[in-house]
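# Overview (structure and organization)
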Amino acid sequence: MNATRAELIKLVTLPALSLTVVLTWAVTAALVLALDAGPESIRYARAGFVVLGALAAASEYDDGQLRTSLVCSPRRLELLAVKALVLGLAATAVAVVTVLIAGAGDVLIAGAGDVLIAGAGDILIAGAGDVAELVLTVLLAAAVATVLRGAVPAVAVILGYYYVLGPFVEDWLVDGPWLPAAAFLIAAATFVRRDA
Amino acid sequence: MRTELLKLAGLPSAWAAAVLGLAVPPLIAFLNSRTVAVGVDSGYQELVFGVIGVLVLGVVSVGSEYRGRQIMTSLICVPSRGRFLAAKTGALVLAVTLLATASAVVTLGVTGSLSAEAGPRIVGVVVYWVLTALLAYGITLLTRSGILPLTILILNTSVVSVTYLLTRVTPLAGYLPDMAGAQLFIRGLDSPVGLTPLTGGLVMAAWVFAVLAVAAAVFHRRDA
């Protein structure tokens, strides 16, 4: 329980993460309202979630903070699991708000602003798949950033896959929950075996 | 300048970026060649996606200096910040020019559109790649972190780019750096403003020059 609380405090006190979340929401709102992008805005919002996961996982590698963390919590698998759990929960909250923003924008554009409150539940039910996808995106980014020990290379790899190469290989490579799961297994294997 | 080239060549991510820039466009061209008929922009369309390699190159060229305070050491060795920036920029331009030329030749070879009259358009590709790398480099110099420029610029390299969405709102978006610059070598570009390759390149160069000027001024005045 202590480890969970510690990870939660580390997560919510990183200024870069708060900034990422706010920017993601702002960009989503701008895309929906100004560009009439609708559901497509979630596709772009995904980039913010990649950055979120990568920064969260890589922040410990900037100045050797990870060594302190491992002194406090020497069981590496346990530390990684707690990190993933806390990050996943936090990401769910951020994703729910993002999907609500995208959905609410659609409702506003459709000219039905007064049913907004009543519609929040409906938007979430319709967007549950999007929420799951965004949370899995965060976990994938965190796993890759753990393996590469840096946020910049992780962001380059995942965004390059999602936005540049992905559309061309989707016939061969079916995206799905297996990808973050596999990435996390690899991350766990490297994290347990290598020097910090 | 030789120091800067050595530093760049010593970065593993720089080599990864070179592999990306060399491999992505021919790969996409190969995948596309099975489904898309050959047209006037075959090969060139795919080269647009290859800029992801030089984006990474531009970002790590500056970004690496700001990891572990290498910038302090660099500035002790070359205290004149103007000369330091000039050498760094020169090294990046040289590396990207080589990479872009090689990638363009390979990609056009895959699509079979390599011929004598492709020359000027290949020059356009090289200019576009160099300017894109410099844009990433300039923004990284301002933010001292590669995350923001990488995210914005990779997102905008995607099949439906944000700037393309913007052109639906205002035709002025056709003057944004990537929309204008793509006219250097893409002939059938879906843009609200038709520019000749030369003016397109000049518009993009003006953007890049503005970003670099601001970044250089900021770099000159602030603590490292």
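Small disclaimer: the values here were computed from a predicted structure and weren't measured. (Residues numbered from 1 in each chain as written. Chains lettered and ligands numbered in written order. Predicted model: local features only at pLDDT ≥ 70, side-chain atom pairs only at ≥ 80, totals over all residues.)

## Observations regarding the overall build of chain A
Within chain A, the secondary structure is distributed over nine helices and zero strands. What you see in chain A, going N to C, is helices and strands ordered as α-α-α-α-α-α-α-α-α. Residue burial in chain A is summarised as follows: out of 196 residues, 43% are buried. Pairs at least 24 apart in sequence give 80% of the contacts found in chain A among residues at least 6 apart. (Helix = DSSP H or I, 4+ residues; strand = E, 2+ residues; numbered from the N terminus. Buried ≥ 20, exposed ≤ 12 C-beta atoms within 10 Å, placed from the backbone. Contact = placed C-beta atoms within 7 Å.)

## Brief notes about the interface of chain A and chain B
Tallying the contact residues gives 19 residues for chain A and 22 residues for chain B. Those elements giving two or more residues to the side of chain A that touches chain B turn out to be helix H2 (15-35), helix H3 (40-58) and helix H8 (151-169) of chain A. For the side of chain A that touches chain B, the element with the highest residue contribution is H8 of chain A, accounting for 12 residues. The residue makeup of the side of chain A that touches chain B, split by class, is 18 nonpolar, one polar and no charged. (Nonpolar A, V, L, I, M, F, W, Y, C, P; charged D, E, K, R; others polar.)

## Details of H2 of chain A
Residues and elements named next belong to chain A. Taking 1.5 Å per residue, 21 residues should reach 30 Å; H2 reaches 29 Å between its end C-alpha atoms and fits that length. Among all positions of H2, only Leu17, Thr20, Val21, Thr24, Val27, Thr28, Leu31 and Val32 are buried. Buried residues of H2, seen end-on, are gathered within an arc of 135° and therefore sit on one face of the element. Summarising the geometry of H2, the exposed residues directed more than 90 degrees from the buried face are Pro15, Ser18, Val22 and Ala26. (Expected span 1.5 Å × (residues − 1). Arc of directions from axis to C-beta.)

## As for unusual backbone geometry
Phi is positive for Arg149 of chain A, which is not a glycine, with a value near 55°. Along the chain, Arg149 of chain A turns up in the loop between helix H7 (128-148) and H8. Taking the C-beta count within 10 Å as the criterion, Arg149 of chain A has 18 such neighbours and is therefore assigned partly exposed. One non-glycine residue with positive phi stands out, namely Arg144 of chain B, at about 60°.

## Points about the packing of helix H4 (residues 51-63) of chain B against helix H8 (residues 147-155) of chain B
Residue and element names in this part refer to chain B. With their axes 10 Å apart at the nearest point, H4 and H8 run at an angle of 165° to one another. When the axes of H4 and H8 are compared, the pair comes out roughly antiparallel. Two packed elements cross with a definite hand, and for H4 against H8 that hand is right-handed. Contacts between H4 and H8 involve Ile52, Leu55 and Val59 from the former and Pro149, Leu150, Leu153 and Ile154 from the latter. Split into classes, the residues belonging to the contact of H4 with H8 amount to seven nonpolar, no polar and no charged. (Axes fitted to C-alpha atoms, helices over the stretch in contact; angles between N-to-C directions. Parallel < 35°, antiparallel > 145°, perpendicular 65-115°, else oblique. Left-handed = near helix turned anticlockwise from the far one by under 90°.)

## Considering the environment of Gln70 of chain B
Examined against the element boundaries, Gln70 of chain B turns out to sit in helix H5 (residues 70-77). Once the C-alpha coordinates of Gln70 of chain B and Phe185 of chain B are considered, the two residues, 115 residues apart in sequence, prove to be 38 Å apart.

## Remarks on the confidence of the model for chain B
For chain B, per-residue confidence averages 83 on the pLDDT scale, and 96% of positions sit at 70 or higher. Among the prediction metrics, the complex's ipTM stands at 0.81, with pTM recorded as 0.85. (pLDDT = per-residue confidence, 0-100.)

## Concerning the nonpolar core
Ranked by size, the top nonpolar core spans 128 residues in total, and within it Ala54, Val144, Ala154, Val155 and Leu159 of chain A together with Leu55 and Ala133 of chain B carry the most contacts. Leaving out residues up to four positions away in the same chain, Ala54 of chain A has contacts with Ala141, Ala145, Ala151, Ala154 and Val155 of chain A. (Core = buried A, V, L, I, M, F, W, Y, C linked by C-beta atoms within 7 Å.)

## Section: the environment of Ile154 of chain B
Along the chain, Ile154 of chain B turns up in helix H8. For Ile154 of chain B, a count of 25 C-beta atoms within 10 Å translates into the label buried. Along the chain, Ile154 of chain B and Leu8 of chain B lie 146 residues apart, while their C-alpha atoms are 21 Å from each other. If sequence neighbours within four positions are ignored, Ile154 of chain B has contacts with Leu159, Gly160, Tyr163 and Val164 of chain A together with Ile52 and Leu55 of chain B.

## Let's talk about the packing of helix H6 (residues 81-111) of chain B against helix H7 (residues 119-143) of chain B
Residue and element names in this part refer to chain B. Their axes nearest at 9 Å, the elements H6 and H7 cross at an angle of 140°. It follows from the interaxial angle that H6 and H7 lie oblique. The handedness of the crossing between H6 and H7 is right-handed. Where H6 abuts H7, its residues Leu92, Val93, Val96, Thr97, Ala100, Thr101 and Ala104 lie against Ile122, Val125, Val126, Trp129, Val130, Ala133 and Tyr137.

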